[in-house]
Amino acid sequence: MIWAKEETMSRAEIEAIQLNRLQKTVKRVYEKVLPYRRKMEQFHVTPEDIKTLKDLERLPFTTKQDMRDHYPFGLFAVPKDQLVRIHASSGTTGKPTVVGYTKKDLELWTECVSRIAVMGNAGSKDIAQICFGYGMFTGALGLHFGLENIGAAIVPSSTGNTEKQIMFMKDFGTTLLVATPSYALRIAEVAQGMGINPAKDLNVKIGLMGSELLTEAMRTEMHKLWGEDMLVTSNYGMSELMGPGVSGECEYLCGMHINEDFFIPEIIDPKTEEVLPPGEKGELVITCIYKEALPLIRYRTKDVTRLLYEPCKCGRTTVRMENLDGRTDDMLKIRGVNVFPSQIEEVLLGIDEIGPHYEIIVKRKNHSDILEIRVELVKPVDAYKELEALEQKIKYKLRIVLGLDAKILLESPNTLQRFEGKAQRIKDMRKEV
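All values derive from a computational prediction rather than experimental measurement. Numbers given to residues run from 1 along each chain, matching the order in which its sequence is written. Local features in this predicted model are restricted to residues whose pLDDT is 70 or higher, and side-chain atom pairs enter the listing and the counts only when it is 80 or higher, whereas totals over whole chains, interfaces and linings include all residues. Side-chain descriptors were evaluated using all non-hydrogen atoms of the structure, hydrogens and water having been removed beforehand.

**Student:** Just give me the short version of helix α10 (residues 341-348), but keep the residues and values in it.
**Tutor:** Burial here depends on accessible area, computed with a 1.4 Å probe over protein chains only, as a share of the maximum for the residue type. Under 20% is buried, over 50% is exposed, and the range in between is partly exposed. To qualify as a helix, a DSSP run of H or I must reach at least 4 residues; to qualify as a strand, a run of E must reach at least 2; elements of each kind are numbered from the N terminus. In terms of burial, α10 is a largely internal element, six of the eight residues being buried. Within α10 the residues assigned to the buried category are Pro341, Ser342, Ile344, Glu345, Val347 and Leu348.

**Student:** So, the sheet that holds strand β4 (residues 153-155): which residues are in play, and what are the values?
**Tutor:** The strand order across the open sheet built from nine strands is β4-β3-β5-β6-β7-β8-β9-β14-β13, with neighbouring strands paired in mixed fashion. In this open sheet, the two edge strands, each paired with only one partner strand, are β4 and β13 (307-308). Only strands that DSSP links by at least two bridges are regarded as paired with each other. In this structure, strand β9 (residues 256-258) lies alongside strand β14 (residues 320-321), joined through two bridges in antiparallel fashion. When the bridges of β14 are listed, histidine 257 appears paired with arginine 320. Note on contacts: a residue pair qualifies if any of its non-hydrogen atoms lie within 4.5 Å across the two residues. Note on method: axes are straight lines fitted to C-alpha atoms, helices fitted across the in-contact stretch only, with angles between N-to-C directions ranging 0 to 180 degrees. Set on the sheet, helix α6 (residues 162-172) makes contact with β3 (127-130), β4 and β5 (176-179); between it and β3 the angle comes to about 175°. Sheet strands in contact with helix α7 (residues 181-193) are β5 and β6 (206-209), and its direction is about 125° off that of β5.

**Student:** Account for the environment of lysine 302, naming residues and giving values.
**Tutor:** By the secondary structure assignment, lysine 302 is in strand β12 (residues 299-305). By relative accessible area, lysine 302 is classed as partly exposed at 38%. Put simply, lysine 302 and aspartate 330 are 28 residues apart on the chain and 9.0 Å apart in space, counted from C-alpha to C-alpha. Leave out the neighbours within four places in its chain, and lysine 302 touches Glu283, Leu284, Gly326, Arg327, Thr328 and Asp329.

**Student:** Describe the nonpolar core, and please don't skip the residues or the numbers.
**Tutor:** The biggest cluster of nonpolar side chains holds 67 residues, and the ones touching the most others in it are Leu147 and Phe263. The leading source of residues in this core is helix α4 (residues 103-119), at seven residues. Core analysis: the next-biggest nonpolar cluster, separate from the first, contains 25 residues, Ala179, Ala184, Leu185 and Leu202 among them. Take the buried residues of types Ala, Val, Leu, Ile, Met, Phe, Trp, Tyr and Cys, join any two whose side-chain atoms come within 4.5 Å, and each joined set is a nonpolar core.

**Student:** Before we move on, could you go through the packing of aromatic side chains and cite the residues and values that matter?
**Tutor:** Pairing of aromatic rings covers Phe, Tyr and the six-membered ring of Trp, with a centre-to-centre limit of 6.5 Å; geometry is then stacked below 30 degrees between planes, edge-to-face above 60, and tilted otherwise. What the rule picks out here adds up to five aromatic pairs. Taken together, a centroid distance of 5.3 Å and an interplanar angle of 65° make the contact between phenylalanine 73 and phenylalanine 76 edge-to-face. The class of phenylalanine 76 is buried, set by a relative accessible area of 6%. For a ring to carry a charge above it, either NZ of a lysine or CZ of an arginine must fall within 6 Å of the ring centroid while also lying within 35 degrees of the normal to the ring plane. Sitting above the plane of the tyrosine 290 ring, lysine 104 keeps its charged end 4.2 Å from the centroid.

**Student:** An account of the side chain of arginine 219 is requested, with residue identities and associated values reported.
**Tutor:** As for its position among the elements, arginine 219 is in helix α9 (residues 216-226). Overall, the relative accessible area of 3% leaves arginine 219 in the buried class. Excluding residues within four positions of it along the chain, arginine 219 makes contact with Leu214, Val232, Thr233, Ser234, Glu249, Leu253 and Asn323.

**Student:** So, α9: which residues are in play, and what are the values?
**Tutor:** Counted residue by residue, α9 has eight buried out of 11 residues, so it is predominantly covered. Of the residues making up α9, those classed as buried are Ala217, Met218, Arg219, Glu221, Met222, His223, Leu225 and Trp226. Glycine 227 lies just past α9 and shows a positive phi near 105°.

**Student:** Could you give an account of the pairing of β12, with specific residues and numbers?
**Tutor:** For a regular strand, side chains alternate in direction, first toward one face of the sheet and then toward the other. Counting buried residues in β12 gives six out of seven residues, a clear majority hidden from the surface. Note: strand β11 (residues 282-288) against β12, four bridges, orientation antiparallel. Within β12, the position partnered with glutamate 283 by the bridge is valine 304.

**Student:** Run through a nonpolar patch on the surface, naming residues and quoting values.
**Tutor:** A patch is a set of surface residues, each over 30% in relative accessible area and not in a salt bridge, joined within 9 Å for like charges and within 5 Å for the nonpolar side chains Val, Leu, Ile, Met, Phe, Trp and Tyr. Residue burial considers only the protein chains on display, and all accessible areas are found by Shrake-Rupley using a 1.4 Å probe. Only one rule defines a salt bridge in this text: a Lys or Arg side-chain nitrogen within 4 Å of an Asp or Glu carboxyl oxygen. On the surface, Tyr396, Ile400 and Val401 cluster together into a nonpolar patch covering about 310 Å² of accessible area. Its location among the elements puts valine 401 in helix α11 (residues 384-402). You can call valine 401 partly exposed: its relative accessible area is 41%.

**Student:** An account of the sheet that holds strand β20 (residues 407-411) is requested, with residue identities and associated values reported.
**Tutor:** Pairing is mixed across the open sheet formed by four strands, whose spatial order is β20-β19-β18-β21. The open sheet terminates on both sides in strands that have one partner only, identified here as β20 and β21 (426-428). Across the sheet, the mean angle separating the axes of adjacent strands is 15° when strand polarity is ignored. Bridging between strand β18 (residues 354-365) and strand β19 (residues 368-377) involves nine bridges; their strand directions are antiparallel. Counterpart to isoleucine 360 in the pairing with β19 is isoleucine 373. Against the sheet, α10 makes contact with β18, β19 and β21, and its axis sits at roughly 135° relative to β18, the strand it touches most.

Interpretation in functional terms is not warranted from these geometric data alone.
Here is the structure:
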């Protein structure tokens, strides 16, 4: 099923809508948002210069730092009395980024998430349990209203109290799970500890995963625990852009369809800031072309992906973004080698003797970087030779992928930290030296 006709328009129709909305948005922010006007003046560009979609490249980028510099409402294009909702990031690395919504923005958000939900095979007969934390985080309420809009029954269980989550799933007949991949694995793990087989004893057939990178190895791990019949899709968004609903996977799992009538994607070289051709991998940049309160221009997401314009079997004609490779700010440079955590995860989740939980630690000793990886055994192993052989196996597989050696620390089952929200698996301790 396809939710909206805009998902099947021709490329020419999509680009005509994009240009019209881009021109109106640029004119509005130039007139109403002083920091944008000052930036555009520095780049010697005016709204009248935006005659084609190619002219988008003439506009300056927006970054998270811009939002922090103008905290809380300095980039808003509407007065505060027009806002009906305000969200904010956690602000763990400085001032939080604040986002706001008008009534029309909330309707747009609901429409975008409705499309994403239907892409993932959600429908009016589903009972959707939302295991995102409700609050200033945009994920829970975004999925809540989108799923409710398509007629699904919502179980707003939030995070935590995992045994009660499982009780609700069983008693209510939950068919759809909204969670981070990490917490979805945790729920299945706790269920097994309660004597419940998630694949056979629960009725969850759809997983709408978000807020965290879903690698193919993680998807495979989900199927091991929840059953091969469970459709596990990834959806993408971030608070600054709107929340969830920017893009999502359809049943064919060949990239996330972008809602192009509301967002214009670009891929740039993160170092040169040059726009790359279709199909090349780089940093994703998004321009919001239909938002009222916070219409960001060329927002640098720091997420690494590429854009796919080939037709999709599902019938949608919108461009797809490949599932993320990671983030430019997550990339670790270790002894001169660029390492993405997703590369490490792909290796670890392909080894049967260890579980899906891991921790990456980077230290510095005698002016040299040391990569340590803590992994958890699936079951206790007493024989030293078996442990040594497993350690060497993991080191060898990582060396092939990363091109460098890592120290492997094998931990007992159920030792490493579990996460109910976004997983925090990297500890870079070099800054402490």
